[in-house]
Each structure stands twice: as structure tokens, then as C-alpha cells.
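Structural description and commentary
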Amino acid sequence: SVRSTMRRLLERAGYAVREAENGEEALARLAEDGTTAHGGAIALVLSDVVMPRMGAERLLEALRRDWAGLPVILMSGYSETAVREAPRGRAHPFAGVPLLEKPVRPAELAERIREALARPPAG
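First, a word on what this report is: a plain description of the structure on this page. (Residues numbered from 1 in each chain as written. Predicted model: local features only at pLDDT ≥ 70, side-chain atom pairs only at ≥ 80, totals over all residues. Heavy atoms only, no water.)

A closer look at the nonpolar core
Among the nonpolar cores identified, the biggest contains 20 residues, and L27, L30, L59, L63 and L74 are the most heavily contacted of them. Secondary-structure elements contributing two or more residues to this core are α2 (23-33), α3 (56-66) and β2 (72-76). By size, the runner-up hydrophobic cluster in this structure holds 11 residues, among which are M6, L100, L109 and I113. (Core = buried A, V, L, I, M, F, W, Y, C linked by side-chain atoms within 4.5 Å. Buried < 20%, exposed > 50% of the residue type's maximum accessible area, 1.4 Å probe, protein only. Helix = DSSP H or I, 4+ residues; strand = E, 2+ residues; numbered from the N terminus.)

Put into C-alpha cells, the structure is as follows:
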């Protein structure tokens, strides 16, 4: 239901939305649409941190490897502090990725998307 709510919110803001149930499905959609680091049908990935089958950490690894420069925004029901400061003993996988705490205010989501799309591609 959260995914459907987010889709409706984004569509009302004028965005075309492709939904994916999990990270694996998101990567399949990217491959189907022929998206590359410098353009394609999908301009941004908005993902929850916790998903079935493939969470955000593995999704980000694949995005950084195969779609470098594609903007990503993460969302979580956990606080930003809890997500970013989880002890891992290595570089944090979400470093440099915007994180929104749910529930997300529509204006904040719209602003973060505008910011992410305005940044030049990394990589």
C-alpha cells in the first residue's frame, strides 16, 4: 500500500512511474528500459531500504556497478541515524545517497527528487 501511495503521489506531481516490488525487479525494469548512466527511460530510482528478496544495500551495489550516475533516493521507516550509523565494520553502503524518513511529506519528496535530477551524473 505504501508503494501504491507513493506512485499516486508522484504521478500527481507529473512523474511517470515504473513500480518494482523489490530490488531484483527494479534491476530487471532498468535492463528492460535500456537505461544507461547518461540517459534512458528511467531517470531516478526511489527505493525503500528494506525490501523482500533484495534490499537497498545489494540494489545500490548493482546500480553503482551497472548504472553509475543514475540518481537514487532511499526511504525508510527507521530514523536516518539508525540507518546510517548501523555498525558494519566497513564503508557504509548508503554513503552519499539521500535518505527520507517515512512518513514522507509530499513537498519534501518533491524537493528531493528535483535536487537529485538537477545534479550532474556522478561517475
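Notes on the sheet that holds β2
If you walk across this open sheet you meet the 3 strands as β1-β2-β3, and the pairing is parallel. Of all strands in the sheet, those with a lone pairing partner are β1 (45-48) and β3 (99-101), marking the two edges. For this sheet, the mean inter-axis angle between neighbouring strands, taken without regard to orientation, is 25 degrees. For β2 and β3, the ladder comprises 3 bridges, and the chain directions are parallel. In the strand pairing of β3, L74 is matched with L99. (Pairing = 2+ DSSP bridges. Axes fitted to C-alpha atoms, helices over the stretch in contact; angles between N-to-C directions.)

Overview of the packing of helix α1 (residues 2-12) against helix α5 (residues 106-118)
When two helices pack together, their arrangement is captured by the angle between the axes and the distance separating the axes. Here α1 crosses α5 at 65 degrees, and the two axes come no closer than 11 Å. By the angle between their axes, α1 is roughly perpendicular relative to α5. Considering how the two elements wind past one another, α1 and α5 form a crossing that is right-handed. Mapping the contact onto sequence places M6, L9 and L10 in α1 and P106, L109 and I113 in α5. For the contact of α1 with α5, the per-class residue count stands at 6 nonpolar, no polar and no charged. (Parallel < 35°, antiparallel > 145°, perpendicular 65-115°, else oblique. Left-handed = near helix turned anticlockwise from the far one by under 90°. Contact = heavy atoms within 4.5 Å. Nonpolar A, V, L, I, M, F, W, Y, C, P; charged D, E, K, R; others polar.)

A few points about the packing of α2 against α3
Orientation of α2 relative to α3, taken along the N-to-C sense of each, is 20 degrees, at an axis distance of 9 Å. One way to sum up the angle between α2 and α3 is to call them roughly parallel. Between α2 and α3 lies a crossing whose hand is right-handed. Contacts from G23, E24, A26, L27 and L30 in α2 reach R58, L59, A62 and L63 in α3. Here the contact of α2 with α3 is composed, by residue class, of 6 nonpolar, 1 polar and 2 charged.

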